[in-house]
Amino acid sequence: MIQQVSDSELELMKIVWANGGSALYAQIMEELAKTGRTWQKNTIITLLSRLVEKGMLKTNKIGRRNEYTAVVSESDYQAAQAQTLLNKLYEGNAKGLVATLIQREMLSAEDYEELRAFWEKERGGE
């Protein structure tokens, strides 16, 4: 089972995923700086350690530098979170979620058509 992560931990995971699934500590710091994050070094190290403990990242030593590699892919994490949301709010009923998205206009007619085409393509590929 994929562990739940905090918003701050997820931010670090997104940097690693965007970097092809692995990043050096310095690259993570650089990306955080671009977003205007001014977290202390200890905060970032703590968050990365938690992600390792949760089985989301593993570390490799490259000389004196740490490289962080994603153990869980972004798509697997998204799927697990979607399932959690579905179970928590809709008792596993995906149709209820989609109905809410349509009723609240969070899903446009164009989005619907794209999803329908995707569905047809996926079903045709079986």
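What counts, and where the lines are drawn
Residues numbered from 1 in each chain as written. Predicted model: local features only at pLDDT ≥ 70, side-chain atom pairs only at ≥ 80, totals over all residues. Heavy atoms only, no water. Helix = DSSP H or I, 4+ residues; strand = E, 2+ residues; numbered from the N terminus. Rg over C-alpha atoms; globule rule 2.2 N^0.38 Å. Buried < 20%, exposed > 50% of the residue type's maximum accessible area, 1.4 Å probe, protein only. Contact = heavy atoms within 4.5 Å. Areas by Shrake-Rupley, 256 points an atom, 1.4 Å probe, with all protein chains shown as cover. Lys, Arg positive; Asp, Glu negative; His and termini not counted. Charge placed at Lys NZ, Arg CZ, Asp CG, Glu CD. Pairing = 2+ DSSP bridges. Axes fitted to C-alpha atoms, helices over the stretch in contact; angles between N-to-C directions. Phe/Tyr/Trp six-rings, centres within 6.5 Å; stacked < 30°, edge-to-face > 60°. Salt bridge = Lys/Arg side-chain N within 4 Å of Asp/Glu carboxyl O. Polar contact = N/O pair within 3.5 Å; in protein donor to acceptor, adjacent residues only side chain to side chain.

Once that is clear, we can look at the overall build of the protein. Scanning the protein for helices and strands turns up six helices and three strands. At 18 Å, the protein has a C-alpha radius of gyration far larger than the 14 Å of a compact globule built from 126 residues. In terms of principal-axis extent, the alpha carbons of the protein reach across some 50 × 30 × 30 Å. For the protein, buried positions account for 23% of its 126 residues. The long-range fraction of contacts in the protein, counting pairs at least 24 apart against all pairs at least 6 apart in sequence, stands at 53%. Roughly 9100 Å² of accessible area belongs to the protein as shown, and the carbon and sulfur atoms make up 50% of that amount. The positive charge centre, built from 16 side chains, and the negative charge centre, built from 18, are 9 Å apart in the protein.

Positionally, Thr35 belongs in the loop between helix H2 (25–34) and helix H3 (41–53). Residue Thr35 is classed as exposed on the basis of its relative accessible area of 57%.

In this section: the pairing of strand S2 (residues 57–62). Along a regular strand, successive side chains alternate from one face of the sheet to the other. Examined bridge by bridge, S2 and strand S3 (residues 65–70) share six bridges and lie antiparallel to one another. Note that in S3 the partner of Asn60 across the bridge is Glu67.

Before going further, it helps to spend a moment on the pairing of S3. Sheet analysis places strand S1 (residues 22–24) next to S3, joined by three bridges and oriented antiparallel. Along S3, the bridge assignment pairs Leu24 with Glu67.

Note: strands within a sheet are paired through backbone hydrogen bonds, in either parallel or antiparallel orientation. In space, the three strands of this open sheet follow the order S1-S3-S2, with antiparallel pairing throughout. In the strand order of this sheet, the two ends are held by S1 and S2, each with one partner. The sheet shows a mean angle of 25° between the axes of neighbouring strands, taken without regard to direction. Its contacts with the sheet place helix H1 (residues 7–18) against S1, S2 and S3, and it is angled at close to 90° to S3.

This next bit is on the packing of aromatic side chains. For the structure shown, the criterion picks out one aromatic pair. A ring pair is formed by Trp17 and Tyr77, whose centres lie 5.9 Å apart and whose planes are at 40°; its orientation type is tilted. One end of the pair, Trp17, is in helix H1; the other, Tyr77, is in helix H4 (residues 74–90), with 60 residues separating them in the sequence. Neither Trp17 nor Tyr77 differs from the other in exposure class; each is buried.

Tallied over the entire structure, the rule returns four salt bridges. One salt bridge connects Glu11 with Arg37, and the closest N-O pair in it is separated by 2.7 Å. With Glu11 in helix H1 and Arg37 in the loop between H2 and H3, the pair connects residues that are 26 residues apart, well separated along the chain. Among the residues examined, Glu11 registers a relative accessible area of 22% and is labelled partly exposed.

This part takes up helix H5 (residues 94–103). For H5, the capping residue at the N-terminal end is Asn93, with a side-chain oxygen 2.9 Å from the backbone nitrogen of Lys95. Immediately downstream of H5, the backbone of Glu105 shows phi near 55°, a positive value.

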